[in-house]
Amino acid sequence: MEVLQRFDNFLHSIEFTDSPIIKNTTLTFSPNFNAIIGGRSSGKSLLFNILGKKINNRKSQIEKYGINISNANVKSFLDKDYKTMISYNTHDIIYINQGDIVNYFENKSLRDLINESGEIENHRVALEFFKSKKQELSNIIDILTSLYGKLYDALNSNFTFHDKDIVSILDSSYIFKTILNIENRNDSFRSSDDVINMLLDNTAKFEVNENWTFTPDEQKIITAFRELVESKKGSFANLKSEYSKKENFIEEVKNVIISKNANLDLKGREKEASNQRLAVLKDNIKDAFDIALQIRDHCRHFENYAYGGVQEISINEEVTVVLEVESTESLKGKVFDGISGVNSGMNLYEALTKLALGEVKIKNLNENSAENLAKKTFTNIKGILESFDKPNEYLKYSEESTSKNNSPGYNSEKYLETILKSGQSKIIFIDQPEDNLGNKFITDKLINLIRNLKFKKQIFLVTHNPSIVVYGDAENVIMCTNNENIIEYEQFVLEEKDHQKEICNVLDGGQYIFEQRARKYNIKKIIQ
(Lines give C-alpha, C1' and ligand atoms only; values in the text may rest on other atoms or scores of the structure.)
Protein backbone atom coordinates (compact mmCIF):
# COMPACT_ATOMS: atom_id res chain seq x y z
CA MET A 1 0.00 0.00 0.00
CA GLU A 2 1.44 3.35 -1.03
CA VAL A 3 1.63 5.80 1.88
CA LEU A 4 1.95 9.51 1.15
CA GLN A 5 3.12 11.42 4.18
CA ARG A 6 0.46 13.31 6.09
CA PHE A 7 0.79 14.72 9.56
CA ASP A 8 -2.79 15.65 10.47
CA ASN A 9 -4.75 13.26 12.67
CA PHE A 10 -6.16 10.90 10.04
CA LEU A 11 -7.72 7.53 10.83
CA HIS A 12 -4.81 5.09 11.00
CA SER A 13 -6.25 1.60 11.48
CA ILE A 14 -8.92 -0.69 12.91
CA GLU A 15 -8.53 -4.17 14.40
CA PHE A 16 -11.21 -6.84 14.69
CA THR A 17 -10.78 -9.58 17.28
CA ASP A 18 -13.09 -12.39 18.34
CA SER A 19 -16.10 -11.12 16.41
CA PRO A 20 -18.78 -13.75 15.72
CA ILE A 21 -19.27 -12.52 12.15
CA ILE A 22 -16.00 -10.72 11.17
CA LYS A 23 -12.73 -12.59 10.70
CA ASN A 24 -9.87 -11.40 12.90
CA THR A 25 -7.88 -8.81 11.01
CA THR A 26 -6.20 -5.42 11.21
CA LEU A 27 -6.82 -2.87 8.46
CA THR A 28 -4.28 -0.09 8.06
CA PHE A 29 -5.67 2.86 6.13
CA SER A 30 -4.07 5.11 3.60
CA PRO A 31 -4.06 8.77 4.64
CA ASN A 32 -5.28 9.41 1.09
CA PHE A 33 -7.85 7.34 -0.87
CA ASN A 34 -9.34 4.15 0.60
CA ALA A 35 -11.79 2.33 -1.70
CA ILE A 36 -14.14 -0.25 -0.12
CA ILE A 37 -15.40 -2.83 -2.66
CA GLY A 38 -17.12 -6.21 -2.68
CA GLY A 39 -20.16 -8.12 -3.84
CA ARG A 40 -23.68 -7.95 -2.48
CA SER A 41 -23.98 -8.50 1.30
CA SER A 42 -20.20 -8.69 1.56
CA GLY A 43 -19.96 -6.21 4.45
CA LYS A 44 -19.01 -3.03 2.58
CA SER A 45 -21.64 -0.77 4.18
CA LEU A 46 -21.17 -2.62 7.47
CA LEU A 47 -17.50 -1.57 7.55
CA PHE A 48 -18.51 1.93 6.50
CA ASN A 49 -20.94 2.18 9.43
CA ILE A 50 -18.54 0.57 11.91
CA LEU A 51 -15.97 3.23 11.05
CA GLY A 52 -18.65 5.91 11.44
CA LYS A 53 -19.56 4.61 14.88
CA LYS A 54 -15.94 4.31 15.95
CA ILE A 55 -15.31 7.97 15.16
CA ASN A 56 -18.47 8.87 17.07
CA ASN A 57 -20.32 10.20 14.04
CA ARG A 58 -24.05 10.72 14.67
CA LYS A 59 -24.96 9.61 11.13
CA SER A 60 -23.61 6.09 11.47
CA GLN A 61 -26.41 3.55 10.99
CA ILE A 62 -24.69 0.64 12.71
CA GLU A 63 -27.78 -0.02 14.87
CA LYS A 64 -29.67 -1.43 11.89
CA TYR A 65 -27.21 -4.35 11.71
CA GLY A 66 -27.92 -5.40 15.30
CA ILE A 67 -24.35 -6.53 16.01
CA ASN A 68 -21.97 -5.90 18.89
CA ILE A 69 -18.84 -4.05 17.72
CA SER A 70 -17.22 -3.61 21.11
CA ASN A 71 -14.44 -5.97 19.97
CA ALA A 72 -13.43 -3.58 17.18
CA ASN A 73 -10.86 -0.94 18.15
CA VAL A 74 -9.45 1.99 16.26
CA LYS A 75 -6.36 4.14 16.26
CA SER A 76 -5.65 7.56 14.79
CA PHE A 77 -2.33 8.76 13.41
CA LEU A 78 -1.57 10.52 16.70
CA ASP A 79 -2.65 7.66 18.97
CA LYS A 80 -0.15 5.29 20.52
CA ASP A 81 -2.66 2.55 21.36
CA TYR A 82 -5.98 1.30 20.05
CA LYS A 83 -9.19 2.75 21.51
CA THR A 84 -12.83 1.75 21.51
CA MET A 85 -13.70 5.12 19.94
CA ILE A 86 -12.07 8.29 18.58
CA SER A 87 -13.83 11.64 18.74
CA TYR A 88 -13.18 14.11 15.95
CA ASN A 89 -14.58 17.62 15.75
CA THR A 90 -17.86 17.70 13.85
CA HIS A 91 -16.44 19.92 11.10
CA ASP A 92 -13.53 17.49 10.58
CA ILE A 93 -15.80 14.81 9.09
CA ILE A 94 -17.99 14.55 6.00
CA TYR A 95 -20.12 11.42 6.38
CA ILE A 96 -22.60 10.65 3.59
CA ASN A 97 -24.66 7.46 3.79
CA GLN A 98 -26.07 5.71 0.74
CA GLY A 99 -29.05 7.76 -0.48
CA ASP A 100 -28.33 10.70 1.84
CA ILE A 101 -27.86 13.25 -0.91
CA VAL A 102 -31.22 12.58 -2.57
CA ASN A 103 -32.85 12.59 0.87
CA TYR A 104 -31.41 16.05 1.57
CA PHE A 105 -33.41 17.46 -1.32
CA GLU A 106 -36.52 15.41 -0.59
CA ASN A 107 -36.45 16.58 3.04
CA LYS A 108 -35.59 20.12 1.93
CA SER A 109 -32.72 20.36 4.42
CA LEU A 110 -29.16 21.18 3.39
CA ARG A 111 -27.75 21.78 6.87
CA ASP A 112 -24.85 19.35 6.39
CA LEU A 113 -23.70 21.23 3.28
CA ILE A 114 -24.04 24.54 5.09
CA ASN A 115 -22.07 23.33 8.09
CA GLU A 116 -19.38 21.71 5.99
CA SER A 117 -18.98 24.90 3.96
CA GLY A 118 -18.27 26.95 7.08
CA GLU A 119 -21.50 28.94 6.83
CA ILE A 120 -22.92 27.96 10.22
CA GLU A 121 -23.09 31.56 11.46
CA ASN A 122 -24.82 32.80 8.29
CA HIS A 123 -27.26 29.91 8.64
CA ARG A 124 -27.94 30.93 12.23
CA VAL A 125 -28.59 34.52 11.12
CA ALA A 126 -30.96 33.27 8.40
CA LEU A 127 -32.90 31.17 10.92
CA GLU A 128 -33.12 34.20 13.22
CA PHE A 129 -34.71 36.09 10.31
CA PHE A 130 -37.42 33.43 10.01
CA LYS A 131 -37.86 33.41 13.77
CA SER A 132 -38.55 37.15 13.62
CA LYS A 133 -40.97 36.62 10.71
CA LYS A 134 -42.83 34.03 12.77
CA GLN A 135 -43.07 36.45 15.68
CA GLU A 136 -44.20 39.20 13.32
CA LEU A 137 -47.06 37.04 12.03
CA SER A 138 -48.01 36.06 15.59
CA ASN A 139 -48.08 39.74 16.55
CA ILE A 140 -50.32 40.58 13.60
CA ILE A 141 -52.76 37.86 14.67
CA ASP A 142 -52.62 39.09 18.27
CA ILE A 143 -53.41 42.64 17.15
CA LEU A 144 -56.28 41.39 14.97
CA THR A 145 -57.91 39.42 17.80
CA SER A 146 -57.28 42.23 20.30
CA LEU A 147 -58.97 44.77 18.01
CA TYR A 148 -61.78 42.32 17.43
CA GLY A 149 -62.23 42.08 21.21
CA LYS A 150 -62.57 45.85 21.42
CA LEU A 151 -65.02 45.86 18.50
CA TYR A 152 -66.99 43.07 20.14
CA ASP A 153 -67.24 45.07 23.38
CA ALA A 154 -68.05 48.31 21.55
CA LEU A 155 -70.81 46.82 19.39
CA ASN A 156 -72.31 45.07 22.40
CA SER A 157 -72.37 48.25 24.52
CA ASN A 158 -75.60 50.05 25.43
CA PHE A 159 -76.73 52.28 22.56
CA THR A 160 -80.23 52.84 23.98
CA PHE A 161 -81.53 56.38 24.54
CA HIS A 162 -85.09 56.53 25.89
CA ASP A 163 -87.89 58.97 25.03
CA LYS A 164 -87.96 60.05 28.66
CA ASP A 165 -84.31 61.14 28.41
CA ILE A 166 -85.11 63.27 25.36
CA VAL A 167 -88.04 64.90 27.18
CA SER A 168 -85.86 65.58 30.23
CA ILE A 169 -83.05 67.14 28.15
CA LEU A 170 -85.53 69.41 26.35
CA ASP A 171 -87.19 70.42 29.62
CA SER A 172 -86.68 74.06 30.68
CA SER A 173 -85.35 73.03 34.07
CA TYR A 174 -82.06 74.60 35.10
CA ILE A 175 -78.85 72.55 35.50
CA PHE A 176 -75.12 73.30 35.68
CA LYS A 177 -73.01 71.96 32.78
CA THR A 178 -69.26 71.61 32.25
CA ILE A 179 -68.17 73.69 29.28
CA LEU A 180 -64.48 72.73 29.23
CA ASN A 181 -62.82 69.37 28.88
CA ILE A 182 -59.10 68.73 28.75
CA GLU A 183 -57.26 66.35 26.42
CA ASN A 184 -55.63 63.41 28.16
CA ARG A 185 -51.92 63.78 27.47
CA ASN A 186 -50.50 61.36 30.02
CA ASP A 187 -49.31 58.83 27.43
CA SER A 188 -47.67 61.59 25.41
CA PHE A 189 -45.93 62.93 28.53
CA ARG A 190 -44.59 59.48 29.46
CA SER A 191 -43.21 59.00 25.96
CA SER A 192 -41.52 62.40 26.01
CA ASP A 193 -40.01 61.70 29.44
CA ASP A 194 -38.52 58.49 28.06
CA VAL A 195 -37.02 60.34 25.05
CA ILE A 196 -35.38 63.03 27.17
CA ASN A 197 -33.98 60.60 29.73
CA MET A 198 -32.68 58.32 26.98
CA LEU A 199 -30.93 61.25 25.26
CA LEU A 200 -29.23 62.34 28.47
CA ASP A 201 -28.21 58.78 29.34
CA ASN A 202 -26.86 57.97 25.86
CA THR A 203 -25.04 61.32 25.64
CA ALA A 204 -23.24 60.50 28.88
CA LYS A 205 -22.29 57.04 27.57
CA PHE A 206 -21.24 58.49 24.22
CA GLU A 207 -18.97 61.00 25.95
CA VAL A 208 -17.01 58.39 27.95
CA ASN A 209 -16.93 55.51 25.44
CA GLU A 210 -13.48 53.92 25.29
CA ASN A 211 -13.53 53.40 21.52
CA TRP A 212 -13.27 57.07 20.51
CA THR A 213 -12.01 60.46 21.64
CA PHE A 214 -13.13 64.04 20.94
CA THR A 215 -11.42 67.21 19.83
CA PRO A 216 -12.09 70.38 21.90
CA ASP A 217 -14.55 71.60 19.26
CA GLU A 218 -16.39 68.24 19.32
CA GLN A 219 -16.52 68.38 23.11
CA LYS A 220 -18.14 71.80 22.88
CA ILE A 221 -20.82 70.40 20.57
CA ILE A 222 -21.55 67.59 23.03
CA THR A 223 -21.75 70.05 25.93
CA ALA A 224 -24.04 72.35 23.95
CA PHE A 225 -26.29 69.43 23.02
CA ARG A 226 -26.50 68.27 26.64
CA GLU A 227 -27.40 71.81 27.73
CA LEU A 228 -30.07 71.97 25.03
CA VAL A 229 -31.63 68.70 26.24
CA GLU A 230 -31.48 69.88 29.88
CA SER A 231 -33.14 73.14 28.83
CA LYS A 232 -35.93 71.26 27.04
CA LYS A 233 -36.32 69.00 30.05
CA GLY A 234 -36.90 72.11 32.22
CA SER A 235 -39.40 73.60 29.77
CA PHE A 236 -41.18 70.27 29.55
CA ALA A 237 -41.40 70.07 33.36
CA ASN A 238 -43.10 73.49 33.36
CA LEU A 239 -45.53 72.35 30.65
CA LYS A 240 -46.46 69.26 32.67
CA SER A 241 -46.93 71.39 35.78
CA GLU A 242 -49.31 73.79 33.95
CA TYR A 243 -51.22 70.85 32.51
CA SER A 244 -51.54 69.26 35.94
CA LYS A 245 -52.88 72.51 37.42
CA LYS A 246 -55.44 72.86 34.62
CA GLU A 247 -56.45 69.19 34.98
CA ASN A 248 -56.92 69.59 38.75
CA PHE A 249 -58.91 72.80 38.28
CA ILE A 250 -61.32 71.22 35.78
CA GLU A 251 -61.76 68.20 38.05
CA GLU A 252 -62.62 70.50 40.95
CA VAL A 253 -65.14 72.37 38.77
CA LYS A 254 -66.77 69.07 37.78
CA ASN A 255 -67.10 68.07 41.42
CA VAL A 256 -68.68 71.46 42.25
CA ILE A 257 -71.14 71.07 39.36
CA ILE A 258 -72.06 67.53 40.47
CA SER A 259 -72.61 68.84 43.98
CA LYS A 260 -74.77 71.76 42.82
CA ASN A 261 -76.83 69.60 40.47
CA ALA A 262 -77.53 67.23 43.35
CA ASN A 263 -79.34 70.05 45.13
CA LEU A 264 -81.63 70.89 42.21
CA ASP A 265 -85.31 69.99 42.08
CA LEU A 266 -86.48 66.62 40.77
CA LYS A 267 -86.77 67.70 37.12
CA GLY A 268 -83.35 69.32 37.23
CA ARG A 269 -81.78 66.11 38.61
CA GLU A 270 -83.59 64.06 35.95
CA LYS A 271 -82.23 66.39 33.28
CA GLU A 272 -78.68 66.02 34.67
CA ALA A 273 -78.99 62.21 34.67
CA SER A 274 -80.29 62.24 31.08
CA ASN A 275 -77.39 64.43 30.00
CA GLN A 276 -74.96 61.99 31.62
CA ARG A 277 -76.58 59.08 29.77
CA LEU A 278 -76.33 61.08 26.52
CA ALA A 279 -72.61 61.65 27.17
CA VAL A 280 -72.09 57.92 27.70
CA LEU A 281 -74.00 57.17 24.50
CA LYS A 282 -71.83 59.64 22.55
CA ASP A 283 -68.67 58.04 23.98
CA ASN A 284 -69.90 54.55 23.08
CA ILE A 285 -70.69 55.61 19.51
CA LYS A 286 -67.35 57.37 19.16
CA ASP A 287 -65.49 54.34 20.55
CA ALA A 288 -67.36 52.03 18.17
CA PHE A 289 -66.45 54.12 15.12
CA ASP A 290 -62.84 54.56 16.27
CA ILE A 291 -62.30 50.84 16.79
CA ALA A 292 -64.16 50.04 13.55
CA LEU A 293 -61.71 52.24 11.62
CA GLN A 294 -58.72 50.63 13.37
CA ILE A 295 -59.87 47.08 12.72
CA ARG A 296 -60.79 47.92 9.11
CA ASP A 297 -57.27 49.19 8.45
CA HIS A 298 -55.68 46.19 10.19
CA CYS A 299 -57.90 43.76 8.30
CA ARG A 300 -56.68 45.26 5.02
CA HIS A 301 -53.09 44.89 6.22
CA PHE A 302 -53.74 41.32 7.36
CA GLU A 303 -55.31 40.28 4.05
CA ASN A 304 -52.43 41.76 2.03
CA TYR A 305 -49.64 40.59 4.35
CA ALA A 306 -47.07 38.36 2.61
CA TYR A 307 -45.92 36.23 5.50
CA GLY A 308 -43.14 34.37 3.67
CA GLY A 309 -39.49 35.24 3.28
CA VAL A 310 -36.23 34.26 1.58
CA GLN A 311 -32.65 34.16 2.81
CA GLU A 312 -29.61 33.22 0.73
CA ILE A 313 -26.27 31.79 1.83
CA SER A 314 -23.51 31.87 -0.78
CA ILE A 315 -21.47 28.65 -0.74
CA ASN A 316 -19.25 29.51 -3.70
CA GLU A 317 -19.48 31.34 -7.02
CA GLU A 318 -21.61 28.60 -8.53
CA VAL A 319 -23.92 27.53 -5.72
CA THR A 320 -26.14 29.35 -3.21
CA VAL A 321 -28.27 27.75 -0.52
CA VAL A 322 -31.72 29.33 -0.41
CA LEU A 323 -33.91 29.17 2.70
CA GLU A 324 -37.54 29.95 1.93
CA VAL A 325 -40.99 30.07 3.44
CA GLU A 326 -43.50 30.70 0.66
CA SER A 327 -46.75 32.68 1.09
CA THR A 328 -48.85 30.01 -0.56
CA GLU A 329 -51.88 30.06 1.75
CA SER A 330 -54.44 32.78 2.39
CA LEU A 331 -54.37 34.17 5.91
CA LYS A 332 -57.93 35.38 5.47
CA GLY A 333 -58.91 31.87 4.42
CA LYS A 334 -57.36 30.45 7.58
CA VAL A 335 -59.44 32.84 9.71
CA PHE A 336 -62.57 32.02 7.69
CA ASP A 337 -61.94 28.29 8.22
CA GLY A 338 -62.82 28.86 11.88
CA ILE A 339 -66.06 30.79 11.29
CA SER A 340 -69.32 29.30 10.06
CA GLY A 341 -71.62 31.38 7.88
CA VAL A 342 -68.96 33.36 5.99
CA ASN A 343 -68.06 33.08 2.33
CA SER A 344 -64.94 33.83 0.32
CA GLY A 345 -66.59 36.88 -1.26
CA MET A 346 -66.59 38.71 2.08
CA ASN A 347 -63.67 40.78 3.20
CA LEU A 348 -62.22 40.12 6.63
CA TYR A 349 -63.57 43.36 8.12
CA GLU A 350 -67.12 42.50 7.08
CA ALA A 351 -66.80 38.98 8.49
CA LEU A 352 -65.45 40.15 11.85
CA THR A 353 -68.17 42.80 12.14
CA LYS A 354 -70.82 40.14 11.55
CA LEU A 355 -69.07 37.93 14.09
CA ALA A 356 -69.07 40.69 16.71
CA LEU A 357 -72.78 41.29 16.07
CA GLY A 358 -73.56 37.56 16.40
CA GLU A 359 -74.70 37.16 12.79
CA VAL A 360 -72.11 34.39 12.22
CA LYS A 361 -70.48 31.98 14.70
CA ILE A 362 -67.05 30.63 15.63
CA LYS A 363 -67.11 26.93 14.79
CA ASN A 364 -67.57 24.48 17.65
CA LEU A 365 -67.37 27.17 20.35
CA ASN A 366 -70.18 28.72 22.32
CA GLU A 367 -69.17 32.38 22.33
CA ASN A 368 -67.84 34.76 19.70
CA SER A 369 -65.31 36.17 22.18
CA ALA A 370 -61.87 37.47 21.28
CA GLU A 371 -60.29 34.59 23.24
CA ASN A 372 -62.19 32.01 21.19
CA LEU A 373 -61.35 33.74 17.93
CA ALA A 374 -57.65 33.76 18.89
CA LYS A 375 -57.78 30.09 19.86
CA LYS A 376 -59.44 29.06 16.61
CA THR A 377 -57.21 31.25 14.42
CA PHE A 378 -53.93 30.06 15.95
CA THR A 379 -55.11 26.44 15.59
CA ASN A 380 -55.85 26.96 11.90
CA ILE A 381 -52.64 28.87 11.24
CA LYS A 382 -50.39 26.49 13.21
CA GLY A 383 -48.95 24.90 10.06
CA ILE A 384 -47.86 28.27 8.68
CA LEU A 385 -46.23 29.26 11.96
CA GLU A 386 -44.39 25.94 12.17
CA SER A 387 -43.02 26.40 8.64
CA PHE A 388 -40.83 29.23 9.97
CA ASP A 389 -39.13 26.76 12.33
CA LYS A 390 -37.91 24.69 9.38
CA PRO A 391 -37.83 26.75 6.18
CA ASN A 392 -37.43 24.87 2.91
CA GLU A 393 -33.80 24.71 1.78
CA TYR A 394 -32.72 24.28 -1.83
CA LEU A 395 -29.78 25.10 -4.06
CA LYS A 396 -29.65 27.92 -6.57
CA TYR A 397 -27.08 27.42 -9.32
CA SER A 398 -25.07 30.00 -11.24
CA GLU A 399 -27.16 29.43 -14.36
CA GLU A 400 -30.17 30.62 -12.28
CA SER A 401 -31.82 27.20 -12.16
CA THR A 402 -32.51 25.59 -8.79
CA SER A 403 -32.62 22.13 -7.26
CA LYS A 404 -36.42 22.47 -7.19
CA ASN A 405 -36.63 22.17 -10.98
CA ASN A 406 -33.71 19.83 -11.70
CA SER A 407 -33.48 16.05 -11.60
CA PRO A 408 -32.34 14.15 -8.49
CA GLY A 409 -29.24 13.03 -10.39
CA TYR A 410 -28.22 16.54 -11.39
CA ASN A 411 -28.83 17.84 -7.87
CA SER A 412 -26.81 14.99 -6.38
CA GLU A 413 -23.91 15.83 -8.68
CA LYS A 414 -24.03 19.52 -7.75
CA TYR A 415 -24.33 18.74 -4.04
CA LEU A 416 -21.41 16.31 -4.01
CA GLU A 417 -19.21 18.57 -6.12
CA THR A 418 -20.01 21.54 -3.86
CA ILE A 419 -19.44 19.78 -0.55
CA LEU A 420 -16.16 18.28 -1.76
CA LYS A 421 -14.88 21.58 -3.14
CA SER A 422 -16.00 23.78 -0.28
CA GLY A 423 -15.53 21.41 2.61
CA GLN A 424 -13.34 22.23 5.57
CA SER A 425 -13.18 18.60 6.61
CA LYS A 426 -10.14 16.39 7.07
CA ILE A 427 -11.81 12.99 6.53
CA ILE A 428 -14.51 12.13 3.96
CA PHE A 429 -16.78 9.07 4.10
CA ILE A 430 -19.15 8.38 1.18
CA ASP A 431 -21.20 5.22 0.68
CA GLN A 432 -21.86 4.36 -2.99
CA PRO A 433 -22.14 7.88 -4.43
CA GLU A 434 -22.52 6.53 -7.99
CA ASP A 435 -26.09 5.37 -7.25
CA ASN A 436 -27.42 8.84 -8.10
CA LEU A 437 -24.65 10.15 -10.33
CA GLY A 438 -24.36 10.12 -14.11
CA ASN A 439 -21.39 8.38 -15.74
CA LYS A 440 -20.33 11.61 -17.40
CA PHE A 441 -20.11 13.38 -14.04
CA ILE A 442 -18.14 10.49 -12.56
CA THR A 443 -15.57 10.44 -15.39
CA ASP A 444 -15.41 14.20 -16.04
CA LYS A 445 -15.54 15.60 -12.51
CA LEU A 446 -15.76 13.21 -9.57
CA ILE A 447 -12.58 11.28 -10.35
CA ASN A 448 -10.58 14.48 -10.77
CA LEU A 449 -12.03 15.81 -7.52
CA ILE A 450 -10.97 12.65 -5.71
CA ARG A 451 -7.48 12.76 -7.23
CA ASN A 452 -7.04 16.36 -6.11
CA LEU A 453 -8.63 16.01 -2.68
CA LYS A 454 -6.89 12.83 -1.57
CA PHE A 455 -3.65 14.72 -0.98
CA LYS A 456 -5.48 17.13 1.32
CA LYS A 457 -8.07 14.87 2.97
CA GLN A 458 -8.41 11.21 3.86
CA ILE A 459 -11.12 9.57 1.75
CA PHE A 460 -13.17 6.42 2.45
CA LEU A 461 -15.45 5.51 -0.43
CA VAL A 462 -17.70 2.47 -0.85
CA THR A 463 -18.21 1.84 -4.57
CA HIS A 464 -19.10 -0.61 -7.33
CA ASN A 465 -17.63 1.64 -10.02
CA PRO A 466 -14.23 0.53 -11.34
CA SER A 467 -13.49 3.96 -12.84
CA ILE A 468 -13.58 5.57 -9.40
CA VAL A 469 -11.25 2.97 -7.93
CA VAL A 470 -8.79 2.72 -10.80
CA TYR A 471 -8.74 6.23 -12.30
CA GLY A 472 -8.93 7.69 -8.81
CA ASP A 473 -5.70 5.77 -8.03
CA ALA A 474 -6.91 4.35 -4.74
CA GLU A 475 -3.84 3.79 -2.56
CA ASN A 476 -5.73 1.24 -0.46
CA VAL A 477 -8.45 -1.10 -1.76
CA ILE A 478 -10.38 -2.97 0.94
CA MET A 479 -11.92 -6.13 -0.48
CA CYS A 480 -15.00 -7.38 1.37
CA THR A 481 -16.15 -10.99 1.11
CA ASN A 482 -18.83 -13.02 2.87
CA ASN A 483 -18.24 -16.76 3.19
CA GLU A 484 -21.04 -18.58 5.01
CA ASN A 485 -21.92 -15.44 7.00
CA ILE A 486 -18.32 -14.79 8.05
CA ILE A 487 -17.11 -11.47 6.67
CA GLU A 488 -13.47 -11.02 5.73
CA TYR A 489 -11.72 -7.73 4.98
CA GLU A 490 -8.50 -7.83 2.94
CA GLN A 491 -6.27 -5.01 1.69
CA PHE A 492 -5.27 -4.80 -1.98
CA VAL A 493 -3.17 -2.43 -4.09
CA LEU A 494 -3.80 -1.64 -7.73
CA GLU A 495 -0.28 -2.44 -8.92
CA GLU A 496 -0.25 -6.11 -7.94
CA LYS A 497 -1.36 -8.63 -10.57
CA ASP A 498 -3.26 -10.97 -8.25
CA HIS A 499 -5.01 -8.01 -6.63
CA GLN A 500 -6.03 -6.64 -10.02
CA LYS A 501 -7.64 -9.94 -10.92
CA GLU A 502 -9.59 -10.00 -7.66
CA ILE A 503 -10.72 -6.43 -8.21
CA CYS A 504 -11.83 -7.21 -11.77
CA ASN A 505 -13.84 -10.18 -10.52
CA VAL A 506 -15.82 -7.90 -8.21
CA LEU A 507 -16.14 -4.72 -10.29
CA ASP A 508 -17.98 -5.06 -13.62
CA GLY A 509 -15.85 -3.60 -16.39
CA GLY A 510 -12.78 -3.54 -14.21
CA GLN A 511 -10.46 -5.21 -16.72
CA TYR A 512 -11.34 -2.70 -19.43
CA ILE A 513 -10.67 0.17 -17.02
CA PHE A 514 -7.28 -1.29 -16.03
CA GLU A 515 -6.35 -1.59 -19.72
CA GLN A 516 -7.36 2.00 -20.39
CA ARG A 517 -5.34 3.14 -17.38
CA ALA A 518 -2.31 1.23 -18.64
CA ARG A 519 -2.54 2.93 -22.05
CA LYS A 520 -3.13 6.38 -20.53
CA TYR A 521 -0.17 6.27 -18.15
CA ASN A 522 2.04 3.99 -20.29
CA ILE A 523 1.98 1.31 -17.55
CA LYS A 524 3.02 -2.20 -18.50
CA LYS A 525 -0.05 -4.39 -18.68
CA ILE A 526 -0.22 -6.67 -15.65
CA ILE A 527 -3.36 -8.69 -16.31
CA GLN A 528 -2.84 -11.22 -19.10
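Up top is the structure these notes are about.
In this report, the structure presented in the accompanying data block is examined. (Residues numbered from 1 in each chain as written. Predicted model: local features only at pLDDT ≥ 70, side-chain atom pairs only at ≥ 80, totals over all residues. Heavy atoms only, no water.)

Observations concerning the overall build of the chain
Across its full length, the chain carries 17 helices and 14 strands. Seen through its C-alpha atoms, the chain measures out along the principal axes to roughly 130 × 70 × 50 Å. A total of 528 residues make up the chain; the buried ones form 43% of that total. Long-range pairs, those at least 24 residues apart, make up 71% of the contacts in the chain between residues at least 6 apart in sequence. Carbon and sulfur atoms make up 49% of the accessible area of the chain, which amounts to about 29,000 Å² in all. (Helix = DSSP H or I, 4+ residues; strand = E, 2+ residues; numbered from the N terminus. Buried < 20%, exposed > 50% of the residue type's maximum accessible area, 1.4 Å probe, protein only. Contact = heavy atoms within 4.5 Å. Areas by Shrake-Rupley, 256 points an atom, 1.4 Å probe, with all protein chains shown as cover.)

Structural notes on the pairing of strand E12 (residues 458-462)
The element E12 is extensively covered by neighbouring structure, given that five of its five residues are classed as buried. Bridge count for strand E11 (residues 427-431) against E12 is five bridges, and the pairing is parallel. Across the sheet, the residue bridging to Ile430 is Leu461, located in E12. Taken together, E11, helix H14 (residues 439-453) and E12 constitute a β-α-β crossover, and its handedness is right-handed. (Pairing = 2+ DSSP bridges. Right-handed = clockwise from strand over helix to strand, strands pointing away.)

With respect to the layout of surface pockets
Looking at the second largest pocket, its volume works out to about 370 Å³. Surrounding the second largest pocket, 21 residues form its lining, Asn57, Arg58, Thr90, His91 and Ile93 being those nearest its centre. At the level of elements, strand E5 (93-96), helix H3 (111-116) and helix H13 (408-422) are the ones that each hand at least two residues to the lining of the second largest pocket. Element by element, the count of residues in the lining of the second largest pocket is highest for E5, at four residues. (1 Å grid on protein atoms, 1.4 Å probe; cavity = no way out; pocket = protein on both sides within 12 Å on 5 of 7 lines; lining within 4 Å. Points joined across faces, edges and corners; volume = space filled by probe spheres on them.)

Concerning the packing of aromatic side chains
All chains considered together, the criterion is met by 15 aromatic pairs. Judged by centre distance (6.4 Å) and plane angle (70°), the rings of Tyr307 and Phe388 are edge-to-face. In this pair, Tyr307 is assigned in the loop between helix H8 (266-304) and strand E6 (309-314) and Phe388 in the loop between helix H12 (382-387) and strand E10 (392-397), connecting sequence segments 81 residues apart. Judged by centre distance (5.5 Å) and plane angle (80°), the ring pair of Tyr397 and Tyr410 falls under edge-to-face. (Phe/Tyr/Trp six-rings, centres within 6.5 Å; stacked < 30°, edge-to-face > 60°.)

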